[in-house]
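# Residue-level structure breakdown
Chain by chain, the residues run as shown.
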Amino acid sequence: MKFSLGFVLAISLAGLQFLAITIVVSTSYLTSETAMLEHARRLLADAGDNASQHSRSFLKPAREAAELSSRVFETGVVDAGNAAQVEKFLFQTLQADPHISGLYYGDEEGNFIYVMRSAGPGPFRTKIIQTAPPVRTTQFIWRTADFAVVEQRFDPEDQFDARERPWYKSAKEERQSIWTAPYIFFSSQQPGITAATPVSHPNGTLRGVIGVDIEIAAISEFLAQLGISENSAAMILNENGDVIAYPTHDQTAPGVAGSLDFVSIGDFADPVARTAFAELAASGGITVETESMSEFDYRKNTYVSLVKPVLGKDLPWTIAIYAPENDFIEGIKDNRQRNIWIAAAVSLVTACLGLVLAELILRPVRAFAVRTALVSQGEAPASQPLPGTYRELERANKTLIDEIAQRREADARILELNRDLSHFSRVDLMGQMATGLAHELSQPLTAISQNIDAAITTAKEQKEPDQELIGILTELDEHAHRGGDIIRVLRGFVRKDAGQKAPFDLNALLLQTNSLLQYEATANDVKIIFETQDIPEVIGNRVQLAQVLVNLVRNAIEAIVDADSPTKEVTIRTRAKDSHVEVWVEDSGPGVAPDIKLFRRFETTKPGGMGLGLSICRTIVETNGGKLWYDRENLETSRFCFTIPFQA
Amino acid sequence: MNSATEEQSTVFLVDDDDSVRVSLSRALKKRGFQVSTFPSAESFLESYDPRQPGCLVLDYGMPGLNGLELQQHLVRERISIPIIFISGHGGIPESVQAMKAGAVDFLEKPFRQHLLVECIESSFRKDLENRKYRESTRSARERYGQLTAREKEVAQFIIANPSHTSSKEIGRELDISPRTVDHHRARILEKMGIGSVAELIDLSASLTD
């Protein structure tokens, strides 16, 4: 399949730039994605660090406050037995740290002082339980930030006993600072945790326990503010896989007041978080010691996740963060989409430019093609100047023009020969018939004349010669000779018409006659083969000899076709021998039957033939000083031979 | 050796056309010629004996070996029978070629009988003369062949130096006595069947040819 030059040019130009753009776009696509994912991980890790640190800084003051208070009580700076002093101290400490929702001190005797933030009549509320005899009293005091009393009342119904609370029990048991597990605060009904530190007597026995409350809602608020990305979430899980804190803290809130059950991650409302961490929790609790990062898919979106310990063994919490990749690379994706469109547009524009360029490049070629077509059809002269074109085409053009010129010349020569032949055929047929008649008539005239001579001799031998008979016979002889004279005139006329002899290249003539016969040969599926030798120029009438060749080859083709020979070949050979050139015309036909007399005028085997062809050929060849015969000895092929003398 | 006469001469007629061959041979026979006919050059060559005197009346255009080729063949074979061409084509170039190769005449068919008869008669004479000459040459050579080596030497010297034929001169040159020369000379004249040294010199052309 052949494509036009224009098509190839356009395709290659447009294709090349399209390929280039595709490579650039896809490379930047891949590298930007990798970079963005890297960036996402880094952001996530940063967020994890941030959350971890923040959580620590959130929790640490509570513990420090508890420990500070413990030391203050133990050293006697504040008298732990003086409720007013203890309240004042706790109040100050609460005010100092906004994260702390409440501080309290409970002792072994069951006394309990609790300072907390309040939504009630004053911003702060104090609960004081005194078990000193005679009766146990429970007093609530609401204060302003200036420690001024807003309202106070007693609650005789109160049954609270600090010594029964988990934080007290744990601290007492451990005899060191502890964190409680998250639970619902008795007073505020909010989930939270407590940092508890034991307070000892100087003798080392336990005097009481200081607790500092932190509401987890505050952690949740912080997590909400962390703002890693639009669809990301950070949460805190405990060792059981329960969600302690989540940006929207009501997710963690217990369903039933008083009994705090944090939602297990496996049952958590956020499906993404479930997918991300449930498996981790299910595999025997979350005991993360080092930070780890992973990727997961949820609903065809890819997420990155991070888990990270918050404090350590004494508070086995884990920060878990997830974020969809898209949050980080969405911008890039949009940008990428835009880039693809831009690339497509650029492709289109450059493709158009490529087409225009191809057209420009092609224009001289096309002009050249049109001109060449015109020249080859003879509608424009070859000398017509070449339109502005390329050097290569100019060279090709020169070759082509030369070729066309040569071809024209050859065609013209063949045409001329053809014209000469047909003209000659017409003229020569008359001449040949005359020659044939002259020859054929000369024989019987000779016989008549000879017989008359014999008759006259016989008559004269008589004793009394019949003079009248002799006179008649003599007259008869004269008539015969008059006939002979007419024939001689006829011969003279024919000879005058025989044309000029000149030296010529016989091999060249063979090739020209081949062109004349090619159509006939091809139409009959016959192959004409030349086996020529280098021969000197022969002398003769070129046109007449061409006619002989045409006649012989045509006869050969007819013989092959009539006999329907399996091999269809006509071979023409030339060779120099003695003083003449011998030409053989061989065909693969059946040959001439032995009983057929060739070269007789007016004898033919062809229906519609005049029987003049071969005899004319022979006459022509003889007129040109050669001979024509059929080689009866050669049995392999049917072979006609003729000779033409060459130049001495 | 009998030398041939005109009466023994034969007209050899070669023509592929039956009517011409028959009529022409009949007419010539009527006129008293001996005629032998052949339909082709090949059949003529087959039966022709060069010792037979006569002339060849030859058709120019024949299939196979044509008249001109037969003429050339005879020339090559050193058979010098006179040839009269008769032709139905009558081309000038052909007649020129034939005459150059030694033909007596070239007659275009139909020809006047007296022209042919004249040609035949002159051919016969020419043929007989040729034969006579060839015969004498042949017999002289034959006789010369009977000479001894020394006699041939003497004869050669005489032929080569016709002005120095005295016995003395020959003897000096050949380093033999004049008497011996005289003896050889007498033997040479006897064997060659001639009467004088001058006749020997006349024969020299036939001997060296």
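Residues numbered from 1 in each chain as written. Chains lettered and ligands numbered in written order. Predicted model: local features only at pLDDT ≥ 70, side-chain atom pairs only at ≥ 80, totals over all residues.

## So, the overall build of chain A
Worth spelling out the cut-off: Only DSSP runs of H or I reaching four residues or more are called helices, and only runs of E reaching two or more are called strands; each is numbered from the N terminus. To assign burial, the other C-beta atoms lying within 10 Å of each residue's own C-beta are counted, with C-beta atoms placed from the backbone; 20 or more indicates buried, 12 or fewer indicates exposed, and intermediate counts indicate partly exposed. Here contacts are defined at the residue level, using C-beta atoms placed from the backbone and a cut-off of 7 Å between them.
Secondary structure assignment for chain A yields 11 helices and 21 strands. Taken over 648 residues, chain A has a buried fraction of 32%. Contacts spanning at least 24 positions in sequence make up 62% of the contacts within chain A whose residues lie at least 6 apart.

## Digging into the overall build of chain B
If you tally the helices and strands in chain B, you get nine helices and five strands. Scored against the burial criterion, the 209 residues of chain B give a buried share of 35%. Taking all contacts inside chain B whose residues are at least 6 apart in sequence as the whole, residues at least 24 apart take part in 63%.

## Some remarks on the interface of chain B and chain A
The condition is simple: Throughout, the ten residues Ala, Val, Leu, Ile, Met, Phe, Trp, Tyr, Cys and Pro are labelled nonpolar, Asp, Glu, Lys and Arg are labelled charged, and all others, Gly among them, are labelled polar.
The partner chain A presents 20 residues to the 18 residues of chain B that form the contact. In terms of residue class, the side of chain B that touches chain A is made up of five nonpolar, six polar and seven charged.

## Details of the sheet that holds strand S3 (residues 54–59) of chain B
Residues and elements named next belong to chain B. For the record, the criterion: Only strands that DSSP links by at least two bridges are regarded as paired with each other. Every angle, taken between N-to-C directions, lies between 0 and 180 degrees, and every axis is a line fitted to C-alpha atoms, over only the stretch in contact when it is a helix.
Reading across from one edge, S2-S1-S3-S4-S5 is the order of the five strands in this open sheet, with parallel pairing throughout. Two strands lie at the open edges of the sheet, namely strand S2 (34–38) and strand S5 (105–108), each paired on one side alone. Neighbour-to-neighbour, the strand axes of the sheet open up by a mean angle of 20°, direction not taken into account. Summarising the sheet, S3 and strand S4 (residues 83–87) pair through four bridges and their orientation is parallel. Bridged to Asp 59 within S4 is Ile 86. The strands touched by helix H5 (residues 113–144) are strand S1 (10–14), S3, S4 and S5; relative to S3, the strand with the most contacts, the crossing angle is about 135°.

## Topic: unusual backbone geometry
Leaving glycine out, the prevailing phi sign among residues is negative, and the prevailing peptide bond configuration is trans. The omega torsion across Lys 109 of chain B and Pro 110 of chain B is -10°, close enough to zero to call that bond cis. Here Pro 110 of chain B is to be found in the loop between S5 and H5. Although it is not a glycine, Arg 299 of chain A sits at a positive phi angle of roughly 50°. Among the secondary structure elements, Arg 299 of chain A is positioned in the loop between strand S12 (292–298) and strand S13 (301–309). Residue Asp 578 of chain A is not a glycine yet carries a positive backbone phi of 50°. For Asp 578 of chain A, the location among the structural elements is in the loop between strand S18 (569–577) and strand S19 (580–587). Judged by local crowding, Asp 578 of chain A falls into the exposed class, with 9 C-beta atoms found within 10 Å.

## Section: the sheet that holds strand S10 (residues 233–237) of chain A
Residues and elements named next belong to chain A. Taken in spatial order, the five strands make up an open sheet running S11-S10-S14-S13-S12, and their pairing is antiparallel. Edge positions in the sheet fall to strand S11 (243–245) and S12, since each has one partner strand and no second. Taking each pair of neighbouring strands and ignoring which way they run, the sheet shows an average axis angle of 35°. The sheet contact formed by S12 and S13 spans seven bridges and is antiparallel. Note on S13: the bridge partner recorded for Glu 295 is Val 304. The strands touched by helix H1 (residues 5–75) are S10, S12, S13 and strand S14 (318–324); relative to S14, the strand with the most contacts, the crossing angle is about 150°.

## Observations concerning helix H1 (residues 18–30) of chain B
Selection rule: The length a helix should cover is 1.5 Å for every residue beyond the first.
The end-to-end C-alpha distance of H1 of chain B is 18 Å, a good match for the 18 Å that 13 residues give at a rise of 1.5 Å each. Turning to H1 of chain B, its buried residues number three or more, namely Val 20, Arg 21, Ser 23, Leu 24, Ser 25, Ala 27 and Leu 28 of chain B.

## What to know about the nonpolar core
Selection rule: Buried Ala, Val, Leu, Ile, Met, Phe, Trp, Tyr and Cys residues whose C-beta atoms connect them within 7 Å together make up a nonpolar core.
Formed by 76 residues in total, the largest nonpolar core has its most connected members in Ala 196, Ala 234, Met 235, Ile 236, Leu 237, Ala 273 and Ile 321 of chain A. With nine residues, the top contributor of residues to this core is H1 of chain A. With residues near it in sequence (within four places) discarded, Ala 273 of chain A still touches Ala 233, Met 235, Ile 265, Phe 268 and Tyr 322 of chain A. Among the nonpolar cores identified, the runner-up in size contains 44 residues, and Ile 448, Ile 452 and Ala 480 of chain A together with Val 14 of chain B belong to it.

## Structural notes on helix H8 (residues 178–192) of chain B
Residues and elements named next belong to chain B. Stated formally: Along the arc lie the directions from the helix axis toward the C-beta atoms.
Along its 15 residues, H8 runs 21 Å from first to last C-alpha, staying within 8% of the 21 Å computed at 1.5 Å per residue. Within H8, the full set of buried residues consists of Val 181, His 184, Ile 188 and Met 192. The buried residues of H8 occupy one face: seen down the axis, they fall within an arc of 65°. In H8, the exposed positions that point more than 90 degrees away from the buried face belong to Arg 179, Ala 186 and Glu 190. Gly 193 lies just past H8 and shows a positive phi near 70°.

## Digging into the environment of Arg 131 of chain B
Along the chain, Arg 131 of chain B falls in helix H5. As a C-alpha pair, Arg 131 of chain B and Gln 52 of chain B span 79 residues in sequence and 10.0 Å in three-dimensional space.

## Some thoughts on the confidence of the model for chain A
In plain terms, the rule: Every residue carries a pLDDT, the predictor's confidence in it, which falls somewhere between 0 and 100.
Overall, the predicted model of chain A reaches an average pLDDT of 80, with 90% of residues at or above 70. Scored below 50 in pLDDT, residues 254–259 of chain A makes seven contacts in the model with residues more than four places away or belonging to other chains.

## Let's talk about the packing of helix H10 (residues 542–563) of chain A against helix H11 (residues 613–623) of chain A
Residues and elements named next belong to chain A. The criterion, for reference: By convention, the crossing between two helices is left-handed when the near helix turns anticlockwise from the far helix through less than a right angle, and right-handed when the turn is clockwise.
One can describe the packing of H10 onto H11 by two numbers: an axis separation of 9 Å at closest approach and a directional angle of 145°. Regarding H10 and H11, the two cross each other, and that crossing is left-handed. Between H10 and H11, the residues in contact are Gln 544, Leu 545, Gln 547, Val 548, Asn 551, Leu 552 and Asn 555 and Gly 613, Cys 617, Ile 620 and Val 621, respectively. A breakdown of the residues in the contact of H10 with H11 according to their chemical character gives six nonpolar, five polar and no charged.

## Considering the packing of helix H7 (residues 167–174) of chain B against H8 of chain B
All names here are of chain B. What counts is decided by this rule: With respect to orientation, any angle under 35 degrees is reported as roughly parallel, any angle over 145 as roughly antiparallel, any angle of 65 to 115 as roughly perpendicular, and every other angle as oblique.
Relative to each other, H7 and H8 sit at 105°, their axes nearing to 8 Å. By the angle between their axes, H7 is roughly perpendicular relative to H8. Contact residues: Ser 167, Lys 168, Ile 170 and Gly 171 in H7; Pro 178, Thr 180, Val 181 and Asp 182 in H8. By residue class, the composition of the contact of H7 with H8 is three nonpolar, three polar and two charged.

## Comments concerning the pairing of strand S5 (residues 149–154) of chain A
All names here are of chain A. In terms of burial, S5 is a largely surface element, zero of the six residues being buried. Two strands pair when backbone bridges link them, and strand S4 (residues 137–143) and S5 are joined in this way by five bridges, in the antiparallel orientation. Opposite Arg 143, over in S5, you have Val 149 as the bridge partner.

## Examining the confidence of the model for chain B
Chain-level statistics for chain B give a pLDDT mean of 85 and a share of 94% at 70 or above. With a pTM of 0.40, the predicted complex shows an ipTM of 0.76.

## A few points about the pairing of strand S3 (residues 124–130) of chain A
All names here are of chain A. Among the seven residues in S3, six count as buried, and that is most of the element. Inspection of the sheet shows strand S2 (residues 112–117) paired to S3 by six bridges, in the antiparallel sense. Across the sheet, residue Val 115 finds its bridge partner in S3, namely Thr 126. In textbook terms, the turn of a hairpin is the stretch between consecutive antiparallel strands, and for S2 and S3 this stretch comprises six residues.

## Some points on the environment of Glu 325 of chain A
Residue and element names in this part refer to chain A. Summarising the element assignment, Glu 325 is placed in helix H6 (residues 325–376). Along the chain, Glu 325 and Met 36 lie 289 residues apart, while their C-alpha atoms are 8.5 Å from each other. Setting aside its immediate chain neighbours within four residues, Glu 325 contacts Leu 37, Ala 40, Thr 302, Tyr 303 and Val 304.

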